[in-house]
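Listed below, chain by chain, are the residues.
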Amino acid sequence: MSKNILSVDDSASIRQMVKMTLSAAGYGVVEACDGADALGKAKSSPVNMVVTDLNMPNMDGLSLIRELRKLPEYRGVPIIFLTTESDDEKKKEAKAAGATGWITKPFKQDQLLAVVKKVIG
Amino acid sequence: MAAGDPAETFRQEAQELIEQLEHSLLDLEQTPTDRDLVDSAFRALHTIKGSGAMFGFEAMAAFTHHVESAFDQVRKGKLQPSPSLVGLALEAQDIIRAMILEPDCDLADRQKTVLDQLAQLVGSAADAAGQEAKASAPASQPAQKQRWRITFSLARDAMVMGINALLLLDELRSLGHCTVTALTDAVPPLAEIDAESSYLRWDVVLTTDAPRSAIDDVFIFVQDDANLSITAIDLSTEGRLGEILVDRGEVPRRVVEEMVASRPPLGELLVEAGQVAPEAVKSALAEQKHLIRDQADSAKEAKAASSIRVPAERLDELMDRVGELVIVQARLKQQANSNGDPLIKAVAEEMERLTSELRDTTMSIRMVPIGSLFSRFRRLVHDLSRDLGKKVSLVTTGEETELDKTVIERLNDPLVHLIRNSIDHGVEGTAERLAAGKTGEGEVRLEAYHSGAQVVISVKDDGRGLDRVRIQAKAEENGLIPPGAKLPDDELFQMIFQPGFSTAKEVTNVSGRGVGMDVVKRGIESLRGTVDIGPRSGGGTEVTVRLPLTLAIIDGLLVRIGHGRYVIPLPTVEECVELSLADDARSSGRSFLNIRGELVPFIRLRDLFASPLPADPYQKVVIVSLGECRVGLVVDQVIGDHQTVIKSLSKLHSNIKAFSGATILGDGSVALILDIEHLIEWAQEQTDVAMLEAGE
Amino acid sequence: MEVLTLGLQGEIFALEADIVREILDLVPVTEVPNAPAFVGAVINVRGRVVPLCDLRLKFGMERSQSSRDTRIVVIEVLIDGEPTIVGLLVDKVYEVTEITADSMEAVPRIGLRWRPEFIRSVGKRGADFVIVLDIEQIFAPGPQSNDLTAA
């Protein structure tokens, strides 16, 4: 059965690229445009993995990650964040909030697929 | 959502963002202390930069980066949003817009001006780096096998944070010959174990020709808390246990040498003597085995790749046995589940894994490249071209495409007929071709390739093409369609596959007696495939055969409707959701579910199958996809995955297209296998009939 | 001719013995939705999925009610030129017995409740009439109705 991924980004073009890449590889994709939207969708249809931007209106990525980790059904679900900086501070902060790993922007399709395969196979 | 190109979506998005940015900046001019405006400007710049770099606008992104950094400084309170800063930002925004919408415009001067002035304002040297240069790939070293010892553990809460050690190990395995030892010394007694905590540590020995960076890459998300150590092991080690332990620093050499003198196994002695922990010996022994296997592998590689011939019936027998094994394994699984004994269940699970692997291996043994078939056709084309006095060449692609052995054999006759047809009726004689402005030699192309779970084989020619008028006339003459009926092309051309159909004006020895195409279609359908015929753009005809990759065993999802159980082919299944009582009650007539914003139509299988039992209170919907469209199938219960050995239905049921076959379940009863495409057609027919009767 | 005699709603019919493969007790039956009532189900015979035919339905009788005597007679018959394994659901199986040539009479054209095309001959077994079925005709595809009662 296909694995489902929640893709969160306020940029429509990034969401589109992520959806195209992941659906073509056989993953189901749920989209959200900000942290609040994502949290609602995460609760109503649990997914196998979350990919989220950090900088978003209406609840940013870090808060989203913290909120997701509070949900019992999200313990153990890989959460990957998108970051434009190779800033180690940000990565530490995100990991402390409960993130599993990251992808640096800009990224190509195969880089996205490699990370997804890495964390959910 | 804009269809197609994300870059196009980005352009539209960027325009909106730039407008937003402009508004924020203009407002900021009026109220420079408004933090929200600063944030909004920053966010717009950040998104434009980040997304832009993704879709090919690297130069624009690099430029925007500077403006974004300036606004970041403002956000942090280190820089004041002075009128000159805002003015610069507005100029920058113009430049950005131009860079996106008019990429040919030369903006170098304007850019430089802005950047210089920005640098002055910001006060620090503009980060010359801008966008970080991507680290270039390390100078490629000749791939050389290297042996590594990798040890790691995970942070206690790693699993909760989404790390899956098994996937890490799988990644290591994908790099080469890998031996993994899990060390359990930190695992607390059962009563104290927290199921969400990670207590294991792993010793891995890996022989690979991948570079060290590939190994580091496996651990990039965990390396901070993983106690990770990666060391190279000398390839030339003899592989004696004592050496390994000494090398690992577990025991001094002197002690090993003293022990070697006595007879009992070294590892045992060391442990008994308390010199070494049992876990260390266990792990070192694993490394030793790994080394020995490495040596055997190198010896094997030195020999040429070998293969053996096997009589075909033996392979068939093997497949039959594997099929029976799969069925018995299902019974075992069922017994183990109802029995409840965890030890038996563990064995049953192991059996299931082994059976599945065995099935995969046996399947692959039977796969043969289609090139073997194609090469037979060269002679055929040569002879036909000579016999019919036409110049024809045969071009083939995809010879390496693999198919199940039996399928290849059963494809021979249909393909021969299709090629004969092409050459006899499709390709014209030399004179006619030249008169039509074509080359004197006709071409027949055979192509084969994999597409998803199917194999596609096409026979194309550059001949006369299909004569729509003659086909329509013949179809009417044979009573297949009423006179003057207007059919879409693909339906009309399907008429060619009806028995007795041949528009050939002359019946040659080769083909044209009208017995061919319907036999071809039946042959293909008996392989559970489909065949279509149509014109080629540019002239000529194309016949496309689609076949499923495996005949005998598929992965299925077992479901229950009423008393009966059915199998849905797993590749078509996307997800399962519950049919809430509200949705169930609400829909009559049009039945749709709202799945995350998308309307998905659903079919109540219990209605379609006329199940006499009342519906289960908590029905499930299995969402399947067929090409682009998704449909929900409402069932009473989803039972689970099932390795399905396909048994064909007899002639008496073969015209019920909704069921493509049957299978025997673990308890000996029969489950029917659903053919999703025809099931949906049937359901559609029912709704059409119902609508007719309701007088719509 | 050697035949297997069987009972359907009190009437005795017979099949040529050489097409009979085996006789089974009632086994779990899987319904096939949308199939004609006559062949509405399939069963598992030694790992093979075999259609199950309710002969009673072919004779316009009511659907079989299973009893202790109900049996499934597995036969091999030519359908559309292909040998096919089929199961027949019958109320009772009597025995394999000889019907001698001289006890067989031609099928009378009138006065018979059953469609003559599906009957090969009528014989006698002791005091009872035994109707020997032409199985191939019963399974022959064609625009026949699924009902053997004489029009």
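Residues numbered from 1 in each chain as written. Chains lettered and ligands numbered in written order. Predicted model: local features only at pLDDT ≥ 70, side-chain atom pairs only at ≥ 80, totals over all residues. Heavy atoms only, no water.

To continue, consider the overall build of chain C. Scanning chain C from N- to C-terminus turns up 2 helices and 11 strands. When the 151 residues of chain C are sorted by exposure, 49% land in the buried category. Of all intrachain contacts in chain C linking residues separated by at least 6 positions in sequence, the fraction that spans at least 24 positions is 56%. For chain C, the computed accessible surface area is about 7600 Å², with 47% contributed by carbon and sulfur atoms. (Helix = DSSP H or I, 4+ residues; strand = E, 2+ residues; numbered from the N terminus. Buried < 20%, exposed > 50% of the residue type's maximum accessible area, 1.4 Å probe, protein only. Contact = heavy atoms within 4.5 Å. Areas by Shrake-Rupley, 256 points an atom, 1.4 Å probe, with all protein chains shown as cover.)

The partner chain A presents 38 residues to the 44 residues of chain B that form the contact. The junction of chain B with chain A conceals about 3300 Å² of combined surface from both sides, 58% of it contributed by carbon and sulfur atoms. Here Lys118(A) makes a salt bridge to Glu171(B), at a shortest N to O gap of 2.9 Å. Counting only elements with at least two residues in the side of chain B that touches chain A, the list comes to helix H1 (6–30), helix H2 (35–54), helix H6 (165–173), helix H7 (212–218) and strand E14 (573–578) of chain B. The greatest single-element share of the side of chain B that touches chain A, amounting to 9 residues, is contributed by H2(B). (Buried area = accessible area lost by both parts, 1.4 Å probe. Salt bridge = Lys/Arg side-chain N within 4 Å of Asp/Glu carboxyl O.)

Right, let's talk about helix H5 (residues 109–120) of chain A for a bit. Residues spaced three or four apart along an α-helix face the same direction, because each turn holds 3.6 residues. All names here are of chain A. Spanning 12 residues, H5 covers 17 Å between terminal C-alpha atoms, matching the ideal 16 Å at 1.5 Å per step. Within H5 the residues assigned to the buried category are Leu112, Val115, Val116, Lys118, Val119 and Ile120. Along H5, the residues classed as buried sweep out an arc of 165° about the axis, all on the same side. For H5, exposure combined with an orientation more than 90 degrees from the buried face picks out Asp110 and Lys117. Note on H5: the residue one or two positions beyond its end, Gly121, has a positive phi of about 75°. (Expected span 1.5 Å × (residues − 1). Arc of directions from axis to C-beta.)

By size, the foremost hydrophobic cluster in this structure holds 82 residues, and its most contacted members are Leu6(A), Leu68(A), Phe71(B) and Ile100(B). Ranked by residue count, the leading element in this core is helix H4 (residues 83–101) of chain B, at 11 residues. Leaving out residues up to four positions away in the same chain, Phe71(B) has contacts with Leu25(B), Leu28(B), Val38(B), Ala41(B), Phe42(B), Leu45(B) and Ala89(B). Formed by 45 residues, the second largest nonpolar core is a distinct cluster that contains Phe374(B), Ile419(B), Val459(B) and Leu547(B). (Core = buried A, V, L, I, M, F, W, Y, C linked by side-chain atoms within 4.5 Å.)

This brings us to the sheet that holds strand E4 (residues 229–233) of chain B. Residue and element names in this part refer to chain B. Ordered in space as E2-E3-E1-E4, the 4 strands form an open sheet in which the pairing is antiparallel. The outermost strands of the open sheet, each flanked by one partner alone, are strand E2 (177–183) and E4. Recorded for the sheet is a direction-independent mean angle of 15° between the axes of neighbouring strands. Note that strand E1 (residues 146–153) and E4 share 5 bridges and pair antiparallel. Across the sheet, Trp148 pairs through a bridge with Ala232, a residue of E4. Lying on the sheet, H6 is in contact with E1, E2 and strand E3 (201–208); it crosses E3 at an angle near 20°. (Pairing = 2+ DSSP bridges. Axes fitted to C-alpha atoms, helices over the stretch in contact; angles between N-to-C directions.)

Our next topic: the interface of chain B and chain C. Tallying the contact residues gives 17 residues for chain B and 22 residues for chain C. Each partner contributes to the roughly 1700 Å² buried at the junction of chain B and chain C, and carbon and sulfur atoms together form 72% of this total. A per-residue breakdown of the area chain B buries against chain C is headed by Lys651(B), Leu652(B) and His653(B), which together make up 36% of the total. One can count 0 salt bridges joining chain B with chain C. Connecting chain B to chain C are 3 residue pairs in polar contact (both at pLDDT 80 or more). (Polar contact = N/O pair within 3.5 Å; in protein donor to acceptor, adjacent residues only side chain to side chain.)

Moving on to the packing of aromatic side chains. Residue and element names in this part refer to chain B. Enumeration over the complete set of coordinates arrives at 11 aromatic pairs over all chains. Chaining the aromatic ring pairs together yields one cluster made of Tyr566, Phe609, Phe659 and Trp682. The side chain of Arg75 reaches across the aromatic face of Phe42, ending 3.7 Å from its centre. (Phe/Tyr/Trp six-rings, centres within 6.5 Å; stacked < 30°, edge-to-face > 60°. Lys NZ or Arg CZ within 6 Å of the ring centre and 35° of its normal.)

Residues and elements named next belong to chain A. The N-to-C vectors of helix H2 (residues 35–44) and helix H3 (residues 61–70) enclose an angle of 20°; their axes lie 9 Å apart at closest approach. Compared by their axis directions, H2 and H3 come out roughly parallel. The two elements H2 and H3 meet at a crossing, and its hand is right-handed. Residue-level inspection shows Gly35, Ala38, Leu39 and Ala42 of H2 in contact with H3, the latter providing Leu64, Glu67 and Leu68. Within the contact of H2 with H3, the residues separate by chemical class into 5 nonpolar, 1 polar and 1 charged. (Parallel < 35°, antiparallel > 145°, perpendicular 65-115°, else oblique. Left-handed = near helix turned anticlockwise from the far one by under 90°. Nonpolar A, V, L, I, M, F, W, Y, C, P; charged D, E, K, R; others polar.)

Let us look at the sheet that holds strand E1 (residues 4–8) of chain A. All names here are of chain A. As summarised here, the arrangement of the 5 strands in space is E2-E1-E3-E4-E5, forming an open sheet in which the pairing is parallel. A single partner strand is all that each edge strand has here, and the edge strands are strand E2 (28–32) and strand E5 (101–104). Averaged over all neighbouring strand pairs, the angle between strand axes comes to 20°, with direction disregarded. In this sheet, strand E3 (residues 49–53) lies alongside E1 in parallel orientation, the contact comprising 4 bridges.

This part takes up the pairing of strand E9 (residues 454–461) of chain B. Residue and element names in this part refer to chain B. By the criterion of burial, E9 is predominantly enclosed, with 7 of the 8 residues buried. As judged from the 8 bridges shared by E9 and strand E11 (residues 541–548), these two strands associate in the antiparallel manner. For Val455, the partnering residue across the bridge sits in E11 and is Leu547.

Turning our attention to the confidence of the model for chain C. All names here are of chain C. Summary statistics for chain C give a mean pLDDT of 80 and a share of 83% for residues scoring 70 or more. In this model, residues 143–151 is a region of pLDDT below 50 whose contacts with residues beyond four sequence positions or in other chains number 30 contacts. For this predicted complex, the interface score ipTM comes out at 0.91, alongside a pTM of 0.45. (pLDDT = per-residue confidence, 0-100.)

With an omega of -5°, the peptide bond between Lys105(A) and Pro106(A) qualifies as cis. Assignment of secondary structure puts Pro106(A) in the loop between E5 and H5. You will see that Gln9(C), though not glycine, has its phi angle at about 45°, which is positive. Overall, the relative accessible area of 41% leaves Gln9(C) in the partly exposed class. Of note in this structure, Asn34(C) is not a glycine but carries a positive phi near 70°. Its location among the elements puts Asn34(C) in the loop between strand E4 (30–31) and strand E5 (41–45).

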